[in-house]
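Chain by chain, the residues:
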Amino acid sequence: MATLDMRDGRAETGATEAVQTQAFDVIVIGGGPAGMAAALAAHKAGAQVAIAEREQHLGGILRQCIHPGFGLSHFKQELTGPEYAQRFIDQVRATDIALFLGSMVLGIDSSEGAGAADPGTNEGAGDAAIHTVTLMNRAGMLKLTGRAVVLAMGCRERTRSEIKIPGSRPAGVFTAGLAQRYINIENLKPGSRAVILGSGDIGLIMARRCTLEGISVEGVYELMPYANGLRRNVKNCLDDFGIPLHLSTTVTRVIGHDRVEAVEVSQVDEHLAPIPGTERVVPCDTLLLSVGLIPENELSVGAGVELDPRTRGAVVDQNLQTGVPGIFACGNVLHVHDLADNVTTESERAGAAAAAYALGGSADVETGANCQLTVSPAGIAGYALPGRITAVALTKLNFRVRRPVDAARVRILAGDEELFAGKVRPLKPSVMESFPLPAKVIQHALDQGVSEIVLSVDPVEEA
Amino acid sequence: MAETFDIAIVGAGITGCAIARQLARFDLSICVVEAANDIALGASKANGGLVHAGYDPAPGTVKAKVNARGCELYGTWAQELGFLFCRTGSMVLGFNDEDRAHLEKLRQNGLANGVPELSIIGPERIHELEPRASAKATCALWCPSTGYVDPFEVAIAALENAVANGVTFMRSAPVKAIEVVRSDDKGVAAEGEGYARFTLVTPAGDVHCRYLINAAGNGAADISHMAGAEEFQMVWRQGNIVVLDKEPRALMPLYPVPTPVSKGVIVTGTVHGNTVITATAAVREPGNTQTYAGDVNALLGGARKLVPDLDTRRVVRAFAGGRPVIKGTNDFFIGQSAVVSGLFQAAGIQSPGVASAPAIAERMEQVLRDAGVALRERADWDPIRRVPDDFDRAPLARKEELIETDPAWGQIVCRCETVPEAEIVAAIRRRPGAISVEGVKRRCRAGMGRCQSGFCQSRVVAILARELGCDPSEVLLEDAGSWLVEGPLKGVR
């Protein structure tokens, strides 16, 4: 295994030279579950692979997710986050995948002639552009070149400012993930009495985690009229511990000059606006926020990748390739997933596709297909992937709904024609849905000459 | 007995720091006494950072003089002190004939105040100067001398330079009482060396001084009262401000036609490429820095009128500050107290306090001189600040060089703003250095970005604890009482 960890003596040797360049077939940015799965899949397909990871360890955010619930679908076994990550870390370490740990990627240059060196390892790659990834670590600056790049940087938490909670700005307002890091990694207690805003999975997990660590959780408050996390987490993390969940209620003011002293909560109306007169002051010293995740695409944008305003991730095709040829995206940087297992599955596809691209043997036959996939604003679908379909093949679609419904039907439309209709079933926003779109449906749409396929999820009134 | 300073300056806001820097060139012992635990924690930290050109204030006022002169001085100050300053020019956008008449009045005002190169321009030129300005704007006052800074960077840079030249900085020293030795009527200048006219009583110890400069911002009325000088009252004209995420190209400052009390909701770029929307104006209880849903919505709405394509979802931070206004006047109060000789006032420094700071300092020097304070230039005064390395802005070769000198320059702690560990350590070791998480943020931007320290806060806490030799539970977010973690969890330490 090649390592350029700062702690590795070999790394120091190159520090005094000018910016070095190393060539690979596939460069994976991010060493979390997405990056590791993509790298392993690309490696398996025969590519020379590098992973650039800003932390000193592989595993990403899984390292602090010490609760169980991982691996049920991928390993048919319930694992904690670190255990789930370790399985991939062990696999990566058993390969010659080059690891650049403690390494921050500063930019991706995909412009023509960006490559400073030719990998020379794969003549079959034709005239594909070479991507240059500039990174830095304790040993210095470094450039990696690759025929393909997989974006796997994950996501960040939405902050207090983004949801504009009014009031003062004392210490004690933490995103749930930061509190999780304090508790699970640093062994530090962020407070004694917590209010949690947001019933996303991280908020629910942290409600239980705080309780177990002797931090009293005054309640979980949720703006929407339903819980945003997975059903199993509501049960295991709140119900089992007697933690109240207050729906259609939000924090309308932070109180306290130096440290949080209380928060004011208010009920909201059907337009999610606070209802005057419903304010209630809840004493606490800590406010945890679990109010959504945002794909971290600053690098992607810098590389010229087009984003989908709905997912805030890249627009990709059925191979998870972005609009920049040779740049792929997977995991939470593409769209926020519900389960790590689904991140793994998706990222394996991205890694394999990146390797195929880099090695010049793309699986797709050129068909000239080019069709957009959009969601119908009339329905309840919040987004759909992939945003672009360029091949006639069995295509995996992903989507999420914006609100929970007991009965809805997924339909695929082209113009006025219904190409496909799924079974009527209940759908929840907490679940990332997926279904395979048959090749013949795509072919049919192309035969109609349409440039846009619409996914519509329509609630069904049942008799 | 403790040292007697020639001059004590109360308040380490941008005004106090600028004055300290100005006076550090003279053979005087100077102490800056600050109530809070860091520089610029009052009005100076929460404003739009605009270096207004000076066409707003009524001609003949003190404000009018120091604003235009301050704006002029910023170029030199930025060069000597090594802070970021962009002189971009600005436009006041007008949307109808009534606005145009108002712009013409502003232009006349500006000419009277000595603001250079003001002109009224039409839609074509507006679009050329700032393509994102509203296409509905029919006219604008174009003012090439406007610019912007990071206001706390200016205050920090000024005080660092002052301290490097021998000025003493006392933090966490709120003045609780002022003892004044009443002298005969000979005037202050006649009094002998070492004669302490004022004693400032603070929890951090007493400070004795011959001359006292009141630059206490919102606390200026209290200081004046404690010294038995002019009685006045502060009004806290509070303003909410919103910072949006970085743009590929920073916006030129765009102003609406001003209202009688404020300049209205302004949209501007910042030295780091973010967009700032500043500020609402509402009289609230002194020291109130809360944000309000109504204010924030007014800001976002106002901003979209000036820049219709602004993505107002990308809020990085909403915060609030106050303009410390002297009740009954809109003007600054800069001069020797008419009641207590030896006390010099720099009070009521509300907007445009940032723009005026270098000129207020210059004016204060003149006020001291006129009062007969002996100002002898020091031979060893160095106007140049040693500027700390900013990794993110450093060219590639410098980045490499830094990492070579210390691998900690290669270890990024704040991913949003690309701040390595060594830069954070340097911010703590600077004089005066950071002693809190927010102090680190103001000096090197760690935690200033879009994730708002969600990823790096625990690491910054660990670095502060290590550098300050304290437990993480003693590390503060900002001032006393703002603890971040209680201590270790149960179990192993």
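Residues numbered from 1 in each chain as written. Chains lettered and ligands numbered in written order. Predicted model: local features only at pLDDT ≥ 70, side-chain atom pairs only at ≥ 80, totals over all residues.

1. With respect to the environment of B:Gly60
Residue and element names in this part refer to chain B. Examined against the element boundaries, Gly60 turns out to sit in the loop between strand 3 (50-51) and helix 2 (62-81). Accessibility expressed as a C-beta count within 10 Å gives 11 for Gly60, which makes it exposed. Once the C-alpha coordinates of Gly60 and Asp390 are considered, the two residues, 330 residues apart in sequence, prove to be 41 Å apart. (Helix = DSSP H or I, 4+ residues; strand = E, 2+ residues; numbered from the N terminus. Buried ≥ 20, exposed ≤ 12 C-beta atoms within 10 Å, placed from the backbone.)

2. Description of the environment of A:Asp201
Residues and elements named next belong to chain A. For Asp201, the position within the fold is in helix 5 (residues 201-212). Along the backbone, Asp201 and Asn233 are 32 residues apart, and their C-alpha atoms lie at a distance of 6.7 Å. Apart from residues lying up to four places away in sequence, Asp201 is in contact with Gly229, Leu230 and Asn233. (Contact = placed C-beta atoms within 7 Å.)

3. Digging into the sheet that holds strand 14 (residues 245-246) of chain A
Residues and elements named next belong to chain A. Taking strand neighbours across the sheet as the criterion, the five strands line up as 10-18-12-13-14 in an open arrangement whose pairing is parallel. Every interior strand has two partners, whereas the edge strands, strand 10 (173-175) and strand 14, have only one. Where strand 13 (residues 216-221) and strand 14 come together, two bridges link them in parallel fashion. Note that in strand 14 the partner of Tyr221 across the bridge is His246. (Pairing = 2+ DSSP bridges.)

4. A short note on the domain arrangement of chain A
Residues and elements named next belong to chain A. Splitting chain A by domain gives domain 1 (9-156 + 294-359), domain 2 (159-291) and domain 3 (371-459). On a C-alpha basis, the centroid separation for the pair domain 1 and domain 3 is 28 Å. Contact with domain 1, which involves 11 residues of that partner, is made by 15 residues of domain 3. Taken together, the residues of the side of domain 1 that touches domain 3 break down into two nonpolar, five polar and four charged. (Domains from an automatic or database assignment. Nonpolar A, V, L, I, M, F, W, Y, C, P; charged D, E, K, R; others polar.)

5. A closer look at the domain arrangement of chain B
How big an interface is tends to be reported as the loss of accessible area on association of its parts. All names here are of chain B. The domains assigned to chain B are domain 1 (1-85 + 147-233 + 327-387), domain 2 (90-144), domain 3 (236-323) and domain 4 (391-474). Measuring from the centre of the C-alpha atoms in domain 1 to the corresponding centre in domain 2 gives 34 Å. Of the residues belonging to the side of domain 1 that touches domain 2, the class tally is six nonpolar, one polar and no charged.

6. Notes on helix 8 (residues 353-370) of chain B
Residue and element names in this part refer to chain B. Helix geometry: helix 8 is bent most strongly at Ala359, by close to 35°. When helix 8 is considered as a whole, its buried residues turn out to be Gly353, Val354, Ala355, Ser356, Ala357, Pro358, Ala359, Ile360, Ala361, Arg363, Met364 and Leu368. Once helix 8 finishes, Gly372 follows within two positions and takes phi at roughly 90°, a positive value. (Bend = angle between axes of the 7 residues up to and from the residue.)

7. Notes on unusual backbone geometry
The linkage connecting B:Ser351 with the following residue, B:Pro352, adopts the cis geometry, with an omega of 0°. Assignment of secondary structure puts B:Pro352 in the loop between strand 20 (343-347) and helix 8. At A:Arg312, a residue that is not glycine, the phi angle is positive and equals roughly 60°. Of note, A:Arg312 is situated in the loop between helix 7 (298-302) and strand 20 (327-329).

8. A few points about the nonpolar core
Formed by 177 residues in total, the largest nonpolar core has its most connected members in A:Val26, A:Ala38, A:Val150 and A:Ala354. Sorting elements by how many residues they give to this core places helix 8 (residues 340-359) of chain A first, with 11 residues. (Core = buried A, V, L, I, M, F, W, Y, C linked by C-beta atoms within 7 Å.)

9. Details of the environment of A:Arg253
Mapped onto the elements, A:Arg253 comes out in strand 15 (residues 249-255). C-alpha separation for the pair A:Arg253 and A:Val265, spaced 12 residues apart in sequence, amounts to 7.1 Å.

10. Topic: the sheet that holds strand 8 (residues 147-149) of chain B
Residues and elements named next belong to chain B. Taken in spatial order, the three strands line up as 3-8-4 in an open sheet, and their pairing is antiparallel. A strand with exactly one partner marks an edge of an open sheet, and here the two such strands are strand 3 and strand 4 (85-86). Relative to strand 8, strand 3 is paired through two bridges, and the arrangement is antiparallel. By the bridge assignment, Leu50 is partnered in strand 8 with Tyr148.

11. Some remarks on the interface of chain B and chain A
At the junction of the two partners, chain B supplies 41 residues and chain A supplies 41 residues. For the side of chain B that touches chain A, the elements supplying multiple residues, two or more each, are helix 7 (293-306), strand 18 (315-326), helix 9 (396-405), helix 12 (457-468) and strand 23 (487-488) of chain B. When the residues that make up the side of chain B that touches chain A are grouped by side-chain class, the tally is 21 nonpolar, 12 polar and eight charged. With two bridges joining them, strand 11 (residues 188-189) of chain A and strand 23 of chain B adopt antiparallel strand pairing. Bridge pairing in strand 23 of chain B places A:Lys189 opposite B:Gly487.

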